[in-house]
Amino acid sequence: MRLDKRLLANPRVRAVLCFVAAGYMRLVYRCSRWQTFGGEIPAAFWQRREPFIVAFWHGRLLLAPFGWPRGVPVHMLISQHRDGELIARTIGHFGFQTVRGSSRRQGSQALRTMVKALQDGSCIGITPDGPHGPRMRASEGVVSLARLAGVPVIPAAIGISRRRLMGSWDRMIVGLPFSRGVFVWGQPITVPREADAAAQAALRLEIEESLTALSDEADRRCGVTPVTADPA
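Residues numbered from 1 in each chain as written. Predicted model: local features only at pLDDT ≥ 70, side-chain atom pairs only at ≥ 80, totals over all residues. Heavy atoms only, no water.

**Re the state of the cysteines**
Inclusion rule: Note on terminology: disulfide denotes any pair of cysteine sulfur atoms within 2.5 Å. Only protein chains enter the accessibility calculation, which uses a 1.4 Å probe. A residue is then buried if its area is under 20% of the maximum for its type, exposed if over 50%, and partly exposed in between.
Counting across every chain of the model gives 0 disulfides. This cysteine, C31, is not joined by any disulfide, and C222 carries the nearest cysteine sulfur, 16 Å off. The class of C222 is buried, set by a relative accessible area of 2%.

**Some remarks on the nonpolar core**
Threshold: As used in this record, nonpolar core signifies buried Ala, Val, Leu, Ile, Met, Phe, Trp, Tyr and Cys residues forming a set joined through side-chain atoms within 4.5 Å. Elements are defined by DSSP. Helices are runs of H or I of four residues or more, strands are runs of E of two residues or more, and each kind is numbered from the N terminus. Pairs of residues are marked as contacts when any of their non-hydrogen atoms sit within 4.5 Å.
F52, W68 and W185 are the most contacted members of the largest nonpolar core, which totals 30 residues. Counting residues per element, the ones that place at least two in this core are helix 2 (11-30), helix 3 (40-48), strand 3 (74-78), helix 4 (82-92), strand 6 (153-160) and strand 9 (180-185). The dominant element in this core, judged by the number of residues it contributes, is strand 6, at 4 residues. Not counting residues within four places of it along the chain, the set of residues in contact with F52 comprises P42, F45, W46, W68, L118, C123, I124, V151, P152, I154 and W185. Residues A117, L118, V153 and L211 belong to the second largest nonpolar core, which totals 29 residues.

**A word on the sheet that holds strand 5 (residues 123-126)**
Keep this limit in mind: When DSSP finds two or more bridges between a pair of strands, those strands are recorded as paired. Throughout, an axis means a line fitted to C-alpha atoms (over the contacting stretch in the case of helices), and angles, computed between N-to-C directions, take values from 0 to 180 degrees.
Reading across the sheet, the 7 strands line up as 1-9-6-2-5-3-4 and stay open at both edges, with mixed pairing between neighbours. For this open sheet the edge positions go to strand 1 (33-37) and strand 4 (97-100), each flanked by a neighbour on one side alone. Here the average twist between neighbouring strands, direction ignored, is 25°. Here 3 bridges tie strand 2 (residues 53-55) to strand 5, and the two strands are oriented parallel to one another. Its bridge partner lying in strand 5, V54 is registered against G125. Each of strand 1, strand 2, strand 6 and strand 9 touches helix 7 (residues 197-221); the most contacted strand, strand 6, lies at about 25° to it.

Here it is as structure tokens:
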């Protein structure tokens, strides 16, 4: 374990690991068949060049780059933990820019950076149960960001038929080649600027329930058992 930590502390080792991980993800994508459901929803925003927040569960983070078109700017919120750095550098190979930090506190620098990016026309990707869980339970951060930036949240899910579920808190999905994969998009959820605490709590629950329903649908379409949420 000590050797592993020392290796991961080496910038060159981290760079090689992220390069290899990105190459493997491309292999999975290119050797699999993909379908999109509800793709007209984000496409309408992309065509109008209107930014939005795309939300999906943390456990599907390594599948997320497959469903995002090249050339459409997006910033992904990633934790400042060492594991977060590895994820940030890996998805960076797919053109994803990253914001490091957490959306849980409204006064955070990360939140201000994301609001500015949305105002400048970039979309923002958020995993509302990250970076530490509980699994598939949305925090209030995504609602706060949508309210402050005045943009909708579009929930999404990615599923794949051949996979490995890691033993991490989020049951991270690692896709395998020669699979069937799906992207499922939900309806936009708008958070009014004047929403009070009760309204924000209701919208947080709506986002959570929509994400879970979409994730269950994606898994069922791929013929695999849906990943379950942590107890409320």
